[in-house]
Amino acid sequence: MDIEVAELSAKVVVLEDEVDSLQRENARQLLMLKEKDGIIQELSSASRDQILPVDHHYGFVMVLCAFTVQFTVLGGINSFGVFMDEFRTDSDLGRPSDSMLSVVVSIANGLTPAVGCFSGSLSDRIGPKPIQTAAGITLGAGLVVSSYCRSYPAFLVSFGMILGVAGGCTIAPGLAAIGNWFEHRRALAYGFVYAGSGAGTTLVPLLSRYLLDLEDDENEWRRPFRWLALFLAVPACVAGLVIRRRTPCIAHEPDSHLSLREIVTNRVIIVLFFVGMGYAWAFFSIIVYTVSYAQSFGEKPYENRTPIGDSSAAFLLSIFGAMSTVGSAIWGELARRLGVRRMFKVASLSTAVLMAAWPFCGSYALLACFAACSGFAIAGCVTCFPALAAEYFAGPQLGAIIAIVFLGFGIGSLAGPPATGFLAEAMDGEYTLAFLTCAAGLIMSFALVHFCLPLDECPAELLSPVADNMNRVSFTPASYNHGTDSTL
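1. Here's the deal with the overall build of the protein
(1) Moving on: What the protein contains, in helices and strands, is 19 helices and 0 strands.
(2) Moving on: Split into buried and exposed, the 488 residues of the protein put 52% on the buried side.
(3) Moving on: Residue pairs at least 24 apart in sequence account for 84% of intrachain contacts in the protein once pairs closer than 6 positions are excluded.
(4) Moving on: For the protein, the exposed surface amounts to about 21,700 Å²; the carbon and sulfur share of it is 65%.

2. Focus: the packing of helix α3 (residues 59–78) against helix α6 (residues 128–147)
(1) Moving on: In contact at an axis separation of 10 Å, α3 and α6 are set at 25° when each is read in the N-to-C sense. Classified by the interaxial angle, the pair formed by α3 and α6 is roughly parallel. Seen along the crossing, α3 lies across α6 with a hand that is left-handed. On α6, the residues touching Ala66, Val69, Thr72 and Val73 of α3 are Gln132, Ala135 and Leu139.

3. Details of the packing of aromatic side chains
(1) Moving on: Evaluated as defined, the whole model comprises 35 aromatic pairs.
(2) Moving on: Look at Phe60 and Phe182: their rings are 5.0 Å apart centre to centre, the planes differ by 65°, and that puts the pair in the edge-to-face class. Here Phe60 is found in helix α3, whereas its partner Phe182 is found in the loop between α8 (171–181) and α9 (186–213), with 122 residues between them in sequence.
(3) Moving on: For Phe60, a relative accessible area of 26% gives the class partly exposed.
(4) Moving on: Look at Phe67 and Phe71: their rings are 6.2 Å apart centre to centre, the planes differ by 20°, and that puts the pair in the stacked class. You can see Phe67 and its partner Phe71 sitting in helix α3, 4 residues apart, about one turn around the helix.

4. Thoughts on the environment of His450
(1) Moving on: Mapped onto the secondary structure, His450 falls in helix α17 (residues 432–452).
(2) Moving on: You can call His450 partly exposed: its relative accessible area is 21%.
(3) Moving on: For the pair His450 and Arg341, spaced 109 residues apart in sequence, the C-alpha separation works out to 7.9 Å.
(4) Moving on: Within the structure, the side chain of His450 is placed 2.9 Å from the side chain of Lys345, a separation counted as a polar contact.

5. Here's the deal with unusual backbone geometry
(1) Moving on: Omega for the bond connecting Lys300 with Pro301 falls within 30 degrees of zero, at 0°, which places this linkage in the cis form.
(2) Moving on: Examined against the element boundaries, Pro301 turns out to sit in the loop between α12 (267–295) and α13 (310–338).
(3) Moving on: Although it is not a glycine, Arg95 sits at a positive phi angle of roughly 45°.
(4) Moving on: Within the secondary structure layout, Arg95 lies in the loop between α4 (84–88) and α5 (98–126).

Cut-offs and rules
Sequence order as written defines residue numbering, which begins from 1 separately in each chain. Since the coordinates come from a predicted model, pLDDT governs what is reported: local features require at least 70, and pairs of side-chain atoms require 80 or more to be given and counted, while whole-chain, interface and lining totals use all residues. Processing note: side-chain calculations cover all non-hydrogen atoms of the structure and skip hydrogens and water entirely. The numbering of helices and of strands both runs from the N terminus, where a helix is a DSSP run of H or I of at least 4 residues and a strand a run of E of at least 2. Classification of residues uses two cut-offs on accessible area relative to the type maximum, computed with a 1.4 Å probe and protein chains only: under 20% is buried, over 50% is exposed, and between them is partly exposed. Contacts: residue pairs with any heavy atoms within 4.5 Å of one another. Areas reported as accessible are Shrake-Rupley estimates using a 1.4 Å probe. Residue values count occlusion only from the protein chains shown. To get an axis, a line is fitted to the C-alpha atoms, and for a helix only the part in contact is used. The angle between two axes follows their N-to-C directions and goes from 0 to 180 degrees. Oblique is the label for any angle not covered by the other classes, which are roughly parallel (under 35 degrees), roughly antiparallel (over 145) and roughly perpendicular (65 to 115). Here a crossing is called left-handed whenever its near helix is offset anticlockwise from the far helix by less than a right angle, and right-handed whenever the offset is clockwise. Aromatic contacts are taken between Phe, Tyr and Trp rings whose centres are within 6.5 Å, Trp giving its six-membered ring; a plane angle under 30 degrees counts as stacked, one over 60 as edge-to-face, and the others as tilted. Throughout this description, a polar contact denotes any pair of N or O atoms lying within 3.5 Å of each other; where both atoms belong to protein, one of them has to be capable of donating a hydrogen while the other can accept it, and for residues adjacent in sequence the pair is counted only when both atoms sit in side chains.

Spelled out as structure tokens, the structure:
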């Protein structure tokens with residue numbers, strides 16, 4: 001009997017210890033909830049309004065804003081070619097050659113990712129609203145100032161540099177803001193945002209051509225530039241004033257903040273850097289050489305092919321832009337349903353096959369088919385690429401990370417077209433080797449995503465508890481590097 005009493009007493013002591021432990025744990029959890037509630041109560045009313053659920057329908061208003069900024073800014077930069085004839089005959093600009101004019105737009109395209117590194121990081125700190133508004137202001141200022149330039153160097157600075165700054169304030173801050181609003185629909189949202197770039201590239205040049213046709217003097221381009229500044233800058237500024245993040249950065253623990261050294265030396269970011277470089281090489285080569293390749297029909301070494309007129313050749317680029325606009329939305333939905341990694345690999349491999357087949361398109365019908373298919377396919381790369389970065393680094397520094405990985409995209413955009421042209425010239429105008437090189441870049445991007453990137457989903461033990469409580473996954477690459485490097 002005494003032994004049974006002793007055993008019962010021991011069990012009672014153990015149970016009391018467990019009850020005390022549970023009470024302490026409940027008290028700790030209650031204290032954490034009170035602290036979190038206190039943090040939220042300290043926010044301003046505007047900040048409290050920002051805390052909406054992930055994938056909230058209001059996020060698509062932000063998508064429309066980012067779409068508008070990309071439509072206007074990138075469409076304005078890409079409409080440069082419409083004015084080429086007027087620039088060449090302008091005596092005030094010194095009648096610049098095509099190569100001199102290509103330098104202007106190359107500076108704008110080159111500055112876009114470089115400025116994006118700073119604007120993306122700044123957007124993480126002060127929010128996307130002032131950065132996106134600045135994109136609209138600099139777009140209008142660049143076009144207006146360019147219209148008053150009376151020398152080539154002044155025009156080089158006003159259009160190339162000022163519009164390059166506008167482009168740099170467009171992509172990374174807008175994508176980071178959208179990534180903050182979505183989780184399950186993030187790829188779909190990015191697809192709609194990138195459709196703005198394709199739609200702007202297709203429609204803004206048509207608006208520019210219409211404004212030029214209204215002028216009595218066929219060489220007058222300055223007044224259309226000013227009208228274009230008004231039509232593009234106003235909606236860009238309005239959209240910039242509306243766009244904002246879903247939530248402030250309180251949902252992330254302080255130790256999840258990464259230094260610049262940790263960002264630029266992170267293995268996943270380095271892989272994404274080269275992924276962007278590979279597909280941008282092909283993307284911009286298609287844009288630059290679609291028309292010139294078609295125009296080479298009927299001449300050496302394609303003298304056996306039926307010649308194609310200039311207007312018909314230029315229409316191929318419109319087909320490419322229209323299909324990339326449609327493809328951006330479709331690929332975004334496919335990525336939401338089937339996974340971002342899988343869709344990027346399908347898109348990059350499909351575009352690589354098309355690039356390898358491009359030299360064998362010996363008729364206008366085949367070239368039109370190529371333009372449509374390649375525009376649709378490579379839209380998947382453009383749409384899924386920033387979503388890949390957001391899959392791994394959805395957090396308060398997403399803008400800076402997207403900007404850094406887009407540097408690789410910028411390098412590919414600068415190096416790809418000149419290298420493609422050099423290879424074509426070295427082969428006496430034969431494009432086969434040049435286009436196969438573009439296909440190799442896409443295969444490199446496919447291989448890096450397939451073999452060097454981990455699974456989309458973050459392991460449960462790497463999730464931030466605070467972020468989980470706020471219904472937001474925080475996944476830092478610094479913690480990931482100690483995880484398992486699995487691939488699909």
